[in-house]
Amino acid sequence: MDQLVVRGPTRLTGEVVIPGAKNSVSKLLAASMLTSGTSEFSNVPRIEDTAVTLDICKSLGTVLETPRARFLQVTTESLGSSEVPHKLARKNRLSVMMLAALLHRTGEAVIPGAGGDRIGVRPVDFHIAAYRKMGADVEIRDDAYVLRSDGLCGTEIILPYPSVSATENILMAGALAKGRTYIRNAAIEPEVIEVALFLQKMGAIIEHKLDRTFVVEGVGQLTGAAHEIMPDRLVAATIGTAALVTEGDVFLKHARQRDMLSFLNTIRKIGGSFQVQSDGIRFFHRGKLRPIAMETSVHPGFMTDWQPPFVVLLTQAAGMSVIHETVFEDRFGYVEELKRMGADIEIYDSCLGGTQCRFTEKGYRHSAVIRGPTRLKGADLEIPDLRAGFTQLIAAVAADGESRLSGVEHIDRGYEQIDETLRSLGASIERKNGV
Ligand code: EPU
């Protein structure tokens, strides 16, 4: 286990190139397995999560070429197995995304329970229900889902909630199903649209209606395709937030305004400064920050992954802010550690801010009240998950004194050499291996 030792406070200044998106590359790799043809991906991020995804693909028969950095050529001529190995499935949430390729190409899929961040229950019931409605036989074992099908059929799927991965999964299933698949109440996050775009390049017919509906007309077969991975809007927002928390000035090369509309609006509402340039976005400090009452939501709302770093930013705003988390029921796990650093944050189980969400009256502590500004002070911190980890890291860079962060592997899953990146912006960070 590695540990990061951070000495703050530092104003972050400089430039960072935003890499390809973790949550896009994994789904596109799963989609590429729908065909025996070769697909090519550029701007592939060099992160642990992608390495795990590639291990899963390889375990099922994908052959990989990496002729140059950040470029991947993948071919799955045949699927050698219908079962995602348990030890790999636990490492991220990709295994369930293999259902479409496995069922269409082998008629069977054995999918162990998924891993990923502990930010809520994270069931896969929408995925399984959709496959069942498309004609798959489903057996639920203690340690795995076993699905069998001799040909999925298009149907109407109404998602109970606009789930990102369930929408992506049904897009893939529908692409090769017999007839038409309607996905209603679908997620429309930019990463979902990337899946639709890639599938279209592969030969799929997918219509996107304005009312959260996708209509997929099944085709006989798909071919390989080439795609550039979109820039990671989660990494961009977290480093942009870090620039503001530390009263710095950072240019995020390749960050895309169109993927971050609600984030940028919210930054502006609290008095943060940014400038959209032709090849990226600059975030910089100009004056005092104002508090805000807001909620996280599905796209095009303020995304849940932006919430943890944003809370650190709100500890620096003058007054009381409220954040109501409506996407994941348990996404304030990092708050206790921030409180030990001097942050004034309280978590409530009610829906604060006026709107009722799915978590009302269920006892989930999903609203936060943040009072600022507070000076943060260094502390010894245990990282609980990916986004929370980066949040603690930002707090440590802004805080007075030394912080020691353990559980760094969570951050490595989604951020490329984050210690090196922050060092290049002026932060004092040392990685201690195997502590
Ligand atoms: N849900 C169900 N049943 C399902 C699927 C989802 O109840 O079958 C619920 C979830 O429990 C949650 C809500 O629906 O309350 C939304 O979940 P969604 O399926 O949209 O999330 P996801 O696809 O599992 C992806 C990202 C997350 C990101 C969310 C929301 C990947 C691999 N993960 O998760 O990213 O927070 O969408 O945008 O794409 C991260 O990168 O650190 C991360 C957690």
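Above this text is the structure in question.
Note that the coordinates shown come from a computational prediction; the quantities given were computed from them, not determined experimentally. Per-chain numbering applies: the sequence of each chain, read as written, is numbered from 1 onward. Side-chain atom pairs in this predicted model are given and counted only at pLDDT of 80 or more, local residue features only at pLDDT of at least 70, and totals for whole chains, interfaces and linings cover all residues. Just so you know, side-chain values use all the structure's heavy atoms and leave hydrogens and water out.

1. Some details on the state of the cysteines
Okay, so step 1: In this description, a disulfide is simply a cysteine sulfur pair whose atoms lie within 2.5 Å. For the structure shown, the criterion picks out zero disulfides.
Okay, so step 2: This cysteine, Cys-357, is not joined by any disulfide, and Cys-351 carries the nearest cysteine sulfur, 3.8 Å off.

2. A look at the site of the ligand
Okay, so step 1: Near the ligand, the surroundings consist of 26 residues, among which Asp-125, Ser-163, Ser-165, Asp-305 and Val-327 are the closest.
Okay, so step 2: The term polar contact refers here to a pair of N or O atoms within 3.5 Å; inside protein, the definition further demands a hydrogen-donor-capable atom paired with an acceptor-capable atom, and it admits residues adjacent in sequence only when both atoms are side-chain atoms. In the environment of the ligand, an oxygen atom lies 2.8 Å from a nitrogen or oxygen atom belonging to the side chain of Lys-27.
Okay, so step 3: Asp-305 places a polar side-chain atom, nitrogen or oxygen, 2.7 Å from an oxygen atom of the ligand.
Okay, so step 4: Accessible surface is estimated by sampling points in the Shrake-Rupley manner with a 1.4 Å probe; for residues, cover comes only from the protein chains shown. Protein chains bury 92% of the 830 Å² of accessible surface belonging to the ligand in isolation. We define proximity as follows: a residue is near a molecule or strand when any one of its heavy atoms falls within 4 Å of that partner.

3. Here's the deal with the packing of helix H8 (residues 233-245) against helix H12 (residues 386-398)
Each pair of packed helices can be described by the angle between their axes along with the distance between the axes.
Okay, so step 1: Where H8 meets H12, the closest approach of the two axes is 9 Å, and the angle between their N-to-C directions is 20 degrees. Between H8 and H12, the crossing angle belongs to the class labelled roughly parallel. Both H8 and H12 take part in a crossing whose hand is right-handed. Along its contact with H8, which presents Leu-234, Thr-238, Ile-239, Ala-242 and Val-245, the element H12 presents Arg-387, Phe-390, Ile-394 and Ala-398. An axis is simply a line fitted to the C-alpha atoms; with a helix, the fit covers only the stretch in contact. Between two such axes, the angle follows the N-to-C directions and lies from 0 to 180 degrees. Only runs of H or I of at least four residues qualify as helices and only runs of E of at least two qualify as strands under DSSP, and these elements are numbered from the N terminus. We call two directions roughly parallel when the angle between them is under 35 degrees, roughly antiparallel when it is over 145, roughly perpendicular when it lies between 65 and 115, and oblique otherwise. Left-handed describes a crossing whose near helix is turned anticlockwise from the far helix through less than a right angle; right-handed describes the clockwise counterpart. In this analysis, two residues are considered to be in contact whenever any of their non-hydrogen atoms come within 4.5 Å of each other.

4. Points about helix H2 (residues 48-60)
Okay, so step 1: The length a helix should cover is 1.5 Å for every residue beyond the first. Taking 1.5 Å per residue as the helical rise, H2 with its 13 residues ought to reach 18 Å, and the 19 Å between its terminal C-alpha atoms agrees with that figure.
Okay, so step 2: Buried, partly exposed and exposed residues are distinguished by accessible area as a fraction of the type maximum, computed with a 1.4 Å probe on protein chains only: under 20%, between the cut-offs, and over 50%, respectively. Among all positions of H2, only Asp-49, Thr-50, Val-52, Thr-53, Leu-54, Ile-56, Cys-57 and Leu-60 are buried.
Okay, so step 3: Its buried side turned inward, H2 meets helix H1 (22-32), strand E4 (63-65), strand E5 (71-75), helix H3 (86-89) and helix H4 (99-106).
Okay, so step 4: Backbone geometry just after H2 places Gly-61 at a positive phi near 125 degrees.

5. As for the sheet that holds strand E20 (residues 367-372)
Okay, so step 1: What the four strands build is an open sheet, ordered E17-E18-E20-E19; its pairing is mixed. The sheet terminates laterally at strand E17 (293-295) and strand E19 (344-348), the two strands that pair on one side only. Across the sheet, the mean angle separating the axes of adjacent strands is 15 degrees when strand polarity is ignored.
Okay, so step 2: As paired strands, E17 and strand E18 (residues 319-324) are joined by three bridges and run parallel to one another. Directly across from Glu-295, in E18, lies its bridge partner His-324.
Okay, so step 3: Relative to the sheet, helix H10 (residues 307-314) contacts E17, E18, E19 and E20, its axis offset from that of E18 by approximately 170 degrees. Being paired, for any two strands, means DSSP has found at least two bridges between them.

6. Details of the pattern of salt bridges
Close approach of charged atoms allows side chains with opposite charge to pair.
Okay, so step 1: Put simply, a salt bridge is a Lys or Arg side-chain nitrogen that is within 4 Å of an Asp or Glu carboxyl oxygen. One pass over the structure, following the stated rule, counts 28 salt bridges.
Okay, so step 2: The salt bridge partner of Arg-256 is Asp-259, with a shortest N-O separation of 2.8 Å.
Okay, so step 3: Since its relative accessible area comes to 5%, Asp-259 is described here as buried.
Okay, so step 4: Among the ionic pairs, Arg-340 bridges to Glu-337, the shortest N-O distance being 3.2 Å.

7. Focus: the packing of aromatic side chains
Okay, so step 1: Only centres within 6.5 Å qualify two rings of Phe, Tyr or Trp (six-membered ring in Trp) as a pair; their planes then separate them into stacked at under 30 degrees, edge-to-face at over 60, and tilted for everything else. Enumeration over the complete set of coordinates arrives at 11 aromatic pairs.
Okay, so step 2: Each ring, one from Phe-302 and one from Trp-306, has its centre 5.4 Å from the other, and the planes form 75 degrees; the classification is edge-to-face.
Okay, so step 3: Relative accessible area serves as the criterion here: at 1%, Trp-306 is assigned to the buried category.
Okay, so step 4: The structure contains a cluster of three or more aromatic residues connected by ring pairs, namely Phe-263, Phe-274, Phe-283, Phe-302, Trp-306 and Phe-310.
Okay, so step 5: A ring has a charge above it when a Lys NZ or an Arg CZ is no more than 6 Å from the ring centre and no more than 35 degrees off the ring normal. Above the plane of the ring of Tyr-161 lies Arg-358, whose end atom (NZ or CZ) is 3.6 Å from the centre.

8. A look at the nonpolar core
Okay, so step 1: In terms of nonpolar packing, the biggest core is built from 71 residues, with Phe-263, Phe-283, Phe-310 and Leu-393 touching the most fellow members.
Okay, so step 2: Phe-263 has contacts with Ala-237, Thr-241, Phe-283, Phe-302, Trp-306 and Phe-310, leaving out every residue within four places of it along the chain.
Okay, so step 3: We define the nonpolar core as a collection of buried residues of types Ala, Val, Leu, Ile, Met, Phe, Trp, Tyr and Cys that are connected through side-chain atoms lying within 4.5 Å of one another. Counting 68 residues, the second-largest nonpolar core is a separate cluster that includes Ala-30, Met-33, Val-84 and Ala-101.

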